[in-house]
Amino acid sequence: MLGWLKPNRTRQERALAMYAQMAMATRPPYAATASPREDPDSLVGEAVFHSAPVHEVLMKLAYGIAPQRPLKEAAEDALAAMSAVVVMRPSWIAYCDARFGLAPEATDALSETSRQWGDGDTARAWPRFAQAKPAVITATGRIAELRSSLVEVCGYEFKEWVGQTA
């Protein structure tokens, strides 16, 4: 069927799927092309830091899709897994603020970088690390499953576009 003949609901769902692909492709470690680290535990802090924007896009996706669509279940599973991670974000931010002597309201590049890219020792010293690591592993797995469903809806993987210039 020609694209302009499809119902608005399908176009809206495809737009949500494309937006979700873009948001996840630009947020490590949820991106399909996550960069390798010497210490994989450093990804825990990065994942918790990026959990808020990913959680927001998953909410839009899960609630914007019709219940009978196959993508709905994958989106809801990813949202549930990400919800377990996003509740730890305030704790991670407060921990980084205390560890690096940052002002809680600071949004400058140094403060944001310190919160986002901690090393493995910093992540392991966080009191909620033991709870966060399995939650991040689960969320990352569910997002990988969701990404394959998004490819079916959109017809391409967004990671192919990441890094390309016009």
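**Student:** If you had to explain the pattern of salt bridges to someone new, which residues and values would you point to?
**Tutor:** Between side chains of opposite charge, a pair can form when the charged atoms approach closely. Tallied over the entire structure, the rule returns 9 salt bridges. Between Arg69 and Glu13 there is a salt bridge; the shortest N-O distance is 2.6 Å. Placement of the pair is Arg69 in the loop between α3 (51-64) and α4 (70-86) and Glu13 in helix α1 (residues 8-25), with a sequence separation of 56 residues. By relative accessible area, which is 30% here, Arg69 ends up partly exposed. Put simply, Arg115 and Glu112 hold a salt bridge, and the shortest N to O gap is 2.7 Å. Taken together, the residues span about one helical turn, with Arg115 and Glu112 both in helix α6 (residues 109-116) at a distance of 3 residues. Where salt bridges share partners, they join Asp39, Asp41, Asp121, Arg124 and Lys133 into one cluster.

**Student:** Account for the packing of aromatic side chains, naming residues and giving values.
**Tutor:** One pass over the full model with this rule turns up 2 aromatic pairs. When the ring of Trp92 is compared with that of Tyr95, the centres are 5.7 Å apart and the planes differ by 40°; the resulting orientation is tilted. With a gap of 3 residues between them, Trp92 and Tyr95 both fall in helix α5 (residues 89-100), about one helical turn apart. In terms of burial, Trp92 and Tyr95 fall into one category: buried. Plain terms: the ring middles of Trp92 and Trp126 are 5.1 Å apart, the flat faces sit at 75° to each other, and that makes the pair edge-to-face. Placement of Trp92 in helix α5 and of Trp126 in the loop between α7 (120-125) and α8 (129-154) is noted, with a sequence separation of 34 residues between them. Each of the two residues, Trp92 as well as Trp126, counts as buried. Cluster of aromatic residues (ring-pair linked, three or more members): Trp92, Tyr95 and Trp126. In this structure, Arg89 is placed above the aromatic ring of Phe49, and the distance from its NZ or CZ to the ring centre is 4.9 Å.

Cut-offs applied
- Residues numbered from 1 in each chain as written.
- Predicted model: local features only at pLDDT ≥ 70, side-chain atom pairs only at ≥ 80, totals over all residues.
- Heavy atoms only, no water.
- Salt bridge = Lys/Arg side-chain N within 4 Å of Asp/Glu carboxyl O.
- Helix = DSSP H or I, 4+ residues; strand = E, 2+ residues; numbered from the N terminus.
- Buried < 20%, exposed > 50% of the residue type's maximum accessible area, 1.4 Å probe, protein only.
- Phe/Tyr/Trp six-rings, centres within 6.5 Å; stacked < 30°, edge-to-face > 60°.
- Lys NZ or Arg CZ within 6 Å of the ring centre and 35° of its normal.

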